Amino acid sequence: QVQLVESGGGLVQAGGSLRLSCAASGRTSNAMGWFRQAPGKERQFVAYITYGGGITYYADSVKGRFTISRDNAINTVYLQMNSLKPEDTAVYLCARRGSGSAYYSVSGYDLWGQGTQVTVSS
């Protein structure tokens, strides 16, 4: 019933910023995560946020540069990305937390969006 749709990706120069949005078509009380996947590479954990927004976790590679947040009134999760690097280039996907595995594991999520492309040029 619930669907996730990402937006906000695009082309940006190294050092620039983007803000991604993940809109849910229906209300969810789950924690949420952001992942990314580059061609030929495994899907990689980026950030996590609890339903109330009080707890967040980040991959070491983005810590200090990215910020996850959410606005439950409009069923939307955000990923603010600053100081972007070429190695951040990937398809970024949002996902709904399930009950299976750890917050940093792909298997810990039970619903995924289609993704939005982020390309950082050098």
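The structure this text deals with has already been given above.
Let me begin by describing the structure that accompanies this report.

On to the sheet that holds strand 8 (residues 76-81), then. On the basis of which strands lie adjacent, the open sheet formed by 4 strands has the order 1-3-8-7 and antiparallel pairing. Looking at strand neighbours, the two that pair on one side only are strand 1 (4-7) and strand 7 (66-71), the edges of this open sheet. Sheet twist, expressed as the average angle between the axes of neighbouring strands with direction ignored, equals 15°. In this sheet, strand 3 (residues 18-24) lies alongside strand 1 in antiparallel orientation, the contact comprising 4 bridges. Paired with Leu 4 across the bridge in strand 3 is Ala 24.

Our next topic: the pattern of salt bridges. Counted under the stated rule, the structure contains 4 salt bridges. In this structure, Arg 36 and Asp 88 form a salt bridge, with 2.9 Å as the shortest nitrogen-oxygen distance. Of this pair, Arg 36 sits in strand 4 (residues 32-37) while Asp 88 sits in the loop between strand 8 and strand 9 (90-97), and the two are 52 residues apart along the sequence. In this pair, the class of Arg 36 matches that of Asp 88, namely buried. Between Arg 96 and Asp 110 there is a salt bridge, and its shortest N-O distance comes to 2.9 Å. One end of the pair, Arg 96, is in strand 9; the other, Asp 110, is in strand 10 (residues 109-112), with 14 residues separating them in the sequence. Residues joined by salt bridges that share partners form a network here, namely Arg 36, Arg 65 and Asp 88.

Turning our attention to empty space enclosed by the protein. Summed over the entire model, instances satisfying the criterion amount to 1 cavity of 30 Å³ or more. Counted as a void, the largest cavity has a volume near 70 Å³. Taken together, Leu 4, Cys 22, Ala 23, Ala 24, Thr 28, Met 32, Arg 70, Asn 72, Asn 75, Thr 76 and Val 77 make up the lining of the largest cavity. Going through the elements one at a time, strand 3 and strand 8 are the ones with two or more residues in the lining of the largest cavity. The element best represented in the lining of the largest cavity is strand 3, accounting for 3 residues. Taken together, the residues of the lining of the largest cavity break down into 6 nonpolar, 4 polar and 1 charged.

Cut-offs applied
Residues numbered from 1 in each chain as written. Predicted model: local features only at pLDDT ≥ 70, side-chain atom pairs only at ≥ 80, totals over all residues. Heavy atoms only, no water. Pairing = 2+ DSSP bridges. Helix = DSSP H or I, 4+ residues; strand = E, 2+ residues; numbered from the N terminus. Axes fitted to C-alpha atoms, helices over the stretch in contact; angles between N-to-C directions. Salt bridge = Lys/Arg side-chain N within 4 Å of Asp/Glu carboxyl O. Buried < 20%, exposed > 50% of the residue type's maximum accessible area, 1.4 Å probe, protein only. 1 Å grid on protein atoms, 1.4 Å probe; cavity = no way out; pocket = protein on both sides within 12 Å on 5 of 7 lines; lining within 4 Å. Points joined across faces, edges and corners; volume = space filled by probe spheres on them. Nonpolar A, V, L, I, M, F, W, Y, C, P; charged D, E, K, R; others polar.

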